[in-house]
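Okay, here's what each chain looks like letter by letter:
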Amino acid sequence: MTSPATVPYERRIFGQWLATIDEVWQPGDPENANSPGCSSERGWGSATLPNVREAYGCGRATDTYVPGTLFLDDLVDGRRIAIHTGQEDSEILDIRKDGLVLYRVNDSIFSAQIEGDKLSAPTLIVKDEDVPEVHWVFWSSASPKATPGQQAK
C-alpha cells in the first residue's frame, strides 16, 4: 500500500482503517504558506486558545503544503476514500466499527457514514472557536451521572 502523505506523523489507525492527512514535504518552498484555508484559521491567540494560523506557519506544517484532503484506507479490502475539505486544518477524529466517521475541518466537526467506497453527505455536529483544539474523540456507553443538586434521570 502506498500512503498519499509524505509526512509520516500524519497517519492514524482506527480499527481496519488508516487515516491520513495529505501533506506534501516541500522544504524551502515559499508556497507552503499558501495552503488552502489559511485565511479561515484563527489568527489570534489567548491564554487558553493558540493562534492556529501562526502554529501552521511556524511549526505544525513548516516545509509542507497541505491541500485539505483526508484519506481513509481500508487495510482489509484496499478501499480508499478521499475527503476534500479545502482546509489545511482538517483531520479524522474517529472511525467507528459501524462506519461512522467524525472529522474536523478547522472550527467544525462533521459526521458521515462510510457507504461502500464513499462517505454519505456530512452532517455538522459542532462549530465553535475552540474546536480547532479537538484532535481525538472518545466514546463511552456509561450514562451521565447527576451533578450535586441535580437528580439522575
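Residue numbers run consecutively from 1 along every chain, following the written order of its sequence. Confidence filtering applies because this is a predicted model: local features only for residues at pLDDT of at least 70, side-chain atom pairs given and counted only at 80 or more, and all residues used for totals across whole chains, interfaces and linings. Think of the side-chain values as coming from all heavy atoms in the structure, minus any hydrogens and water.

Visitor: Would you mind showing me how to read the sheet that holds strand β1 (residues 11–14) here?
Guide: Backbone hydrogen bonds are what pair the strands of a sheet, in a parallel or an antiparallel way. Strand pairing is assigned whenever DSSP identifies at least 2 bridges connecting the two strands. In this description a helix means any DSSP run of H or I spanning at least four residues, a strand means any run of E spanning at least two, and both kinds are numbered starting from the N terminus. One open sheet holds the four strands; their spatial order is β1-β2-β5-β6, and the pairing between them is antiparallel. Each of the sheet's edge strands pairs with one partner strand only, and the pair in question is β1 and β6 (80–84). Strand-to-strand twist of the sheet, defined as the mean angle between neighbouring strand axes without regard to direction, takes the value 20°. Two strands pair when backbone bridges link them, and β1 and strand β2 (residues 17–21) are joined in this way by four bridges, in the antiparallel orientation. Pairing of Arg11 across the sheet is with Thr20, part of β2. Working convention: axes come from line fits to C-alpha atoms, limited for helices to the stretch in contact. Angles between N-to-C directions cover 0 to 180 degrees.

Visitor: Sorry, what's going on with the nonpolar core here?
Guide: Note that soluble globular proteins tend to have their nonpolar side chains buried in a common cluster. By size, the foremost hydrophobic cluster in this structure holds 17 residues, and its most contacted members are Leu72, Ile92, Ile95, Val101, Tyr103 and Leu119. Looking at this core, the elements with two or more residues in it are β2, β5 (69–74), β6, β7 (90–95), β8 (100–105) and β9 (108–115). The definition of a nonpolar core used throughout is a set of buried Ala, Val, Leu, Ile, Met, Phe, Trp, Tyr and Cys residues joined through side-chain atoms within 4.5 Å. When accessible area is computed with a 1.4 Å probe and restricted to protein chains, residues below 20% of their type maximum are described as buried, those above 50% as exposed, and intermediate ones as partly exposed.

Visitor: Got a minute to help me understand the pairing of β9 in this structure?
Guide: A regular strand places its side chains on the two faces of the sheet in alternate fashion. Examined bridge by bridge, β8 and β9 share six bridges and lie antiparallel to one another. Its bridge partner being in β9, Tyr103 is matched across the sheet by Phe110. Linkage of β8 to β9, two consecutive antiparallel strands, is achieved through a turn of two residues, within which Asn106 is found at a positive phi near 55°. The pairing of β9 with strand β11 (residues 123–127) spans four bridges and is classified as antiparallel. Note that in β11 the partner of Ser108 across the bridge is Lys127. Relative to strand β10 (residues 118–119), β9 runs antiparallel, the two being bridged by two bridges. When the sheet's bridge partners are listed, Glu115 is paired in β10 with Lys118. Count of turn residues in the β9/β10 antiparallel hairpin: two residues, of which Gly116 carries a positive phi of about 70°.

Visitor: Help me out: how do you make sense of the pattern of salt bridges in this one?
Guide: Should the charged atoms of two oppositely charged side chains come close, the side chains can pair. A pair is scored as a salt bridge if a Lys or Arg side-chain nitrogen falls within 4 Å of a carboxyl oxygen belonging to Asp or Glu. In total, this model carries nine salt bridges according to the counting rule given. Arg79 is the salt-bridge partner of Asp74, the closest N and O atoms lying 2.7 Å from each other. Under the relative-accessibility criterion, Asp74 is labelled buried at 2%. When its relative accessible area of 24% is taken as the criterion, Arg79 is described as partly exposed. Through salt bridges with shared partners, a single network forms among Arg12, Asp89, Glu91 and Arg104.

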